[in-house]
Amino acid sequence: MVDLLAPVITENQLLIVNDTNILLQHLQGLRKLREMAERTVVKMTFLIPQIVLTELHHFSDPELEVVARKNREYIQVLKNKGTGLVIETPQDSEQANSLYESKFNDDKILKCCLLMKKRGKDVVLFSDDHMLLIKARIYSLKAFQRRTLP
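Let us look at the structure shown here.

1. Some words on the packing of helix α6 (residues 105-118) against helix α7 (residues 130-138)
Then, number 1: Interaxial distance between α6 and α7 falls to 10 Å at its minimum, and their mutual angle equals 35°. As for the relative orientation of α6 and α7, their crossing is right-handed in sense. Here Asp106, Asp107, Ile109 and Leu110 of α6 lie close against α7, whose contacting residues are Leu132, Lys135 and Ala136.
Then, number 2: A breakdown of the residues in the contact of α6 with α7 according to their chemical character gives four nonpolar, no polar and three charged.

2. Examining the environment of Ser98
Then, number 1: Positionally, Ser98 belongs in the loop between α5 (90-97) and α6.
Then, number 2: Linking Ser98 and Lys108, residues ten residues apart in sequence, is a C-alpha distance of 9.9 Å.

3. Concerning α7
Then, number 1: The set of residues buried in α7 consists of Leu132, Leu133 and Ala136. Projection of α7 onto a plane perpendicular to its axis shows the buried side chains occupying an angular sector of 100°, all on one side. Summarising the geometry of α7, the exposed residues directed more than 90 degrees from the buried face are His130 and Ile138.
Then, number 2: Buried positions along α7 lie against α6, β4 (122-126) and β5 (142-144).
Then, number 3: Of the residues that open α7, the one with a side-chain oxygen 3.0 Å from the backbone nitrogen of Met131 is Asp129.
Then, number 4: A positive backbone phi angle near 60° is found at Ser140, which sits one or two residues after α7.

4. As for the nonpolar core
Then, number 1: Of all hydrophobic cores here, the largest spans 39 residues; its most connected members are Ile16, Val17, Ile48, Ile75 and Leu125.
Then, number 2: Considering every element that reaches this core, the biggest residue donor is α6, with seven residues.
Then, number 3: Leaving out residues up to four positions away in the same chain, Leu125 has contacts with Val17, Ile109, Cys113, Leu132, Ala136, Lys142, Ala143 and Phe144.

5. What about the pattern of salt bridges?
Then, number 1: Scanning the model with the defined rule gives three salt bridges in all.
Then, number 2: Asp92 serves as the salt-bridge partner of Arg119, at 2.9 Å between the closest nitrogen and oxygen. Taken as a pair, Arg119 in the loop between α6 and β4 and Asp92 in helix α5 lie far apart in primary sequence, 27 residues in all.
Then, number 3: Measuring nitrogen to oxygen at the nearest pair gives 2.9 Å for the salt bridge that ties Lys135 to Asp107. Of this pair, Lys135 sits in helix α7 while Asp107 sits in helix α6; the two residues are 28 residues apart in sequence, bridging distant segments of the chain.
Then, number 4: Judged by its relative accessible area of 26%, Lys135 falls in the partly exposed class.

6. With respect to the packing of aromatic side chains
Then, number 1: Tallying each qualifying case throughout the model produces one aromatic pair.
Then, number 2: Between Phe126 and Phe144, the aromatic rings sit 4.5 Å apart at their centres with planes inclined by 20°, giving stacked as the arrangement. Within this pair, whereas Phe126 is found in strand β4, its partner Phe144 is found in strand β5, the two being separated by 18 residues in sequence. The same class applies to Phe126 as to Phe144, namely buried.

Reading the values: rules and limits
- Residues numbered from 1 in each chain as written.
- Predicted model: local features only at pLDDT ≥ 70, side-chain atom pairs only at ≥ 80, totals over all residues.
- Heavy atoms only, no water.
- Axes fitted to C-alpha atoms, helices over the stretch in contact; angles between N-to-C directions.
- Helix = DSSP H or I, 4+ residues; strand = E, 2+ residues; numbered from the N terminus.
- Left-handed = near helix turned anticlockwise from the far one by under 90°.
- Contact = heavy atoms within 4.5 Å.
- Nonpolar A, V, L, I, M, F, W, Y, C, P; charged D, E, K, R; others polar.
- Buried < 20%, exposed > 50% of the residue type's maximum accessible area, 1.4 Å probe, protein only.
- Arc of directions from axis to C-beta.
- Polar contact = N/O pair within 3.5 Å; in protein donor to acceptor, adjacent residues only side chain to side chain.
- Core = buried A, V, L, I, M, F, W, Y, C linked by side-chain atoms within 4.5 Å.
- Salt bridge = Lys/Arg side-chain N within 4 Å of Asp/Glu carboxyl O.
- Phe/Tyr/Trp six-rings, centres within 6.5 Å; stacked < 30°, edge-to-face > 60°.

Here you go:
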């Protein structure tokens with residue numbers, strides 16, 4: 001299988017995989033992290049899994065819909081600028097989902113991380129979901145919460 005992210009993610013780069021809750025609750029924190037990444041020696045690329053995009057499009061709560069729309073706009077702006085943001089491809093999503101069987105969206109995010117790690121990427125999961133963080137650590141993935149940021 002061809003690694004479609006290979007030209008985007010080079011050696012000595014962290015691949016930050018974002019959970020939906022980070023985008024919904026901590027967009028400002030993500031912006032700070034992105035700005036911080038531009039000033040560090042270690043380069044960071046932010047990956048948005050397909051399931052996160054799907055979740056951002058399906059909110060019935062009016063307040064969450066407003067926040068989700070702002071996130072979709074921010075993602076589009078970053079994508080248009082070509083600034084260290086990649087979206088998981090449908091092919092990668094399909095391959096990740098074949099790693100193990102699961103019914104939960106959080107597991108799709110976890111499988112995205114595992115696929116990238118399997119491909120040799122230095123993956124870090126960014127989430128405030130306690131159970132997802134525990135699962136990540138079970139699979140020896142690096143993971144952090146919003147409150148651990150400066």
